[in-house]
Amino acid sequence: MRVMAQMAMVMNLDKCIGCHTCSVTCKQAWTNRSGVEYVWFNNVETRPGQGYPRTYEDQEKWRGGWELNRRGNLKLKGGGRWRKLFTIFSNPILPELGDYYEPWTYDYENLTTAPAQRHTPVARPKSLITGKDTKIEWSANWDDDLGGATEYGDRDPLLGKLAEKVRFEFEQTFMFYLPRICEHCLNPSCAASCPSGAIYKRSEDGIVLVDQDRCRGWRMCVSGCPYKKVYFNHRTGKAEKCTFCFPRVEVGLPTVCAETCVGRLRYIGLVLYDADKVLEAAATPDEQGLYQAQRDVFLDPADPEVRREAERAGIPYDWVEAADRSPIYALINTYKVALPLHPEYRTMPMVWYIPPLSPVVDIVRDTGHDAEDYDNLFAAIEALRIPVDYLAQLFTAGDPAPVTDVLRKLAAMRSYMRDINFGREPRERIAEAVGMTGAQVYDMFRLLALAKYDERYVIPPTHAEQAHGLEELATECSLDYEGGPGMTASGPFGESSGGPAPIAVENFHMLRNRQTADAPTTVRGQGRVNLLNWDGKAPDGLFPPTDDNSSGSEQP
């Protein structure tokens, strides 16, 4: 047994309202810079839908993740060393910009500078890549609320597998929201695909990061990630990805997406796992056995033997205690209601999901029956094969049994708690019907519905003795340190073209001038500087003039 610690996340999809607050705050914190305008470390997809980038789940096309060779050993689906060597300068299986979307802004200046005319001037969409007029045809959020269902719904890779069972009609379909970040896998295929060894998994907490100094921009990691959560910064020539907000996690704070989540659907905590079992679990012959195989990799932090081995491995005592209080282990292995996203990719993902019961409840309610009665809900779960099969394609490699078990537990929780809330005597037979006790159902309800901040986020801070090593790692992967992505003094479009470009506050013309200027951005004739646009240099107007003009130039 080789005990290691891993930061993990569980999302309760029944509580996601699709507000995209997590995406916006992540964008402002991490990818609001030149070169990554199209990048969303966190995005929320409407299901059914094509996802972002479009059809990323079609691994017959994108060749991401792992597969088993004839000997039953793991190999990269995109090919090994020789294949990568022959395609290193021309990778044929990379998503194009159109698969993500061409980012745009609007020519708002035209609204105020256009001459007097008969018709009201418009703010035309402008490409943030070419600077020319563009036609908006796709985005990271195009399928929102099934907005593109009538035109694009049949292109959902998972829906295609259910083509014989599903008649896709907008009025009769089901939908739910699926937030996605990097999975920070136990067996990351992006790291194995990188020829430069720039992607690494931190031994302290399992967070997967990119060493910006070692990255050479081969983009094999983009192809190797089946979730397509590694991106290429076209301005710096480096790969970037979700960092699990490691600067916040190191001081005990949750990720930005979790902190700002309106529905409070995210849970973060430590899990302990046996590192010696990871490859064996990932090589499970039956794809539908991968879910259970990964659960078996996790270790019970309350087990005395696990605690002894954790101490030998150098895991701090308070980290083991945090793992014991973690909501992650409880949701995955105690209550068994969280499921991994696409375990068939064999990467051992560490962002798990509680599937939504809402599609089932809504349809029961629409029939005029009591949607909270457990008999109605249990019968509906068994009858509604389309939603369960679709969820099974997402979370259990097509096996509907684990998904059905989870939905039955969630339905039992609703019915059991309904009796308590109405002042009636709780019925133990409801809990027994799903293999639980009434106390377990109540504890699960409290965790899913009433858990407070420190119960949803059990994040032990980094120890002082680890700080120096983590600080060195941070300088390798940070996205905003001096010389890192977004802070490069000179870029391909001129001086300061790599500087931060907050699109939300700069119009198209200011951004274009900033990226193509031969000198640092200056403010003339105003006597002041907009700090939102400041690139760290000392333009005219930042400091008052002096006699020797050493700290600033005279105002014109």
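Our structure is the block above this text.
Residues numbered from 1 in each chain as written. Predicted model: local features only at pLDDT ≥ 70, side-chain atom pairs only at ≥ 80, totals over all residues. Heavy atoms only, no water.

Draft legend 1. Focus on the overall build of the protein. A count of helical and extended segments in the protein gives 25 helices and 18 strands. If you take every contact in the protein between residues at least 6 apart in sequence, the share linking residues at least 24 apart comes to 69%. Accessible surface, the protein as shown: approximately 25200 Å² in total, 51% of it carbon and sulfur. (Helix = DSSP H or I, 4+ residues; strand = E, 2+ residues; numbered from the N terminus. Contact = heavy atoms within 4.5 Å. Areas by Shrake-Rupley, 256 points an atom, 1.4 Å probe, with all protein chains shown as cover.)

Draft legend 2. Geometry of unusual backbone geometry. In this structure, the amide linkage connecting R47 to the following residue, P48, adopts the cis form with an omega of 0 degrees. Along the chain, P48 turns up in the loop between β2 (43–47) and α2 (59–62). Along the chain, Y52 connects to P53 via a cis peptide bond; the corresponding omega equals -10 degrees. Tracing the chain through its elements places P53 in the loop between β2 and α2. Non-glycine residue R219 carries a positive phi angle of around 70 degrees. You can see R219 is positioned in the loop between β9 (208–210) and α9 (220–224). Residue classification places R219 among the partly exposed residues on the basis of a relative accessible area of 33%. Notably, H342 is not glycine yet its phi reads approximately 50 degrees, a positive angle. On the secondary structure map, H342 appears in the loop between β14 (339–340) and β15 (351–354). Its relative accessible area of 0% is what places H342 among the buried residues. (Buried < 20%, exposed > 50% of the residue type's maximum accessible area, 1.4 Å probe, protein only.)

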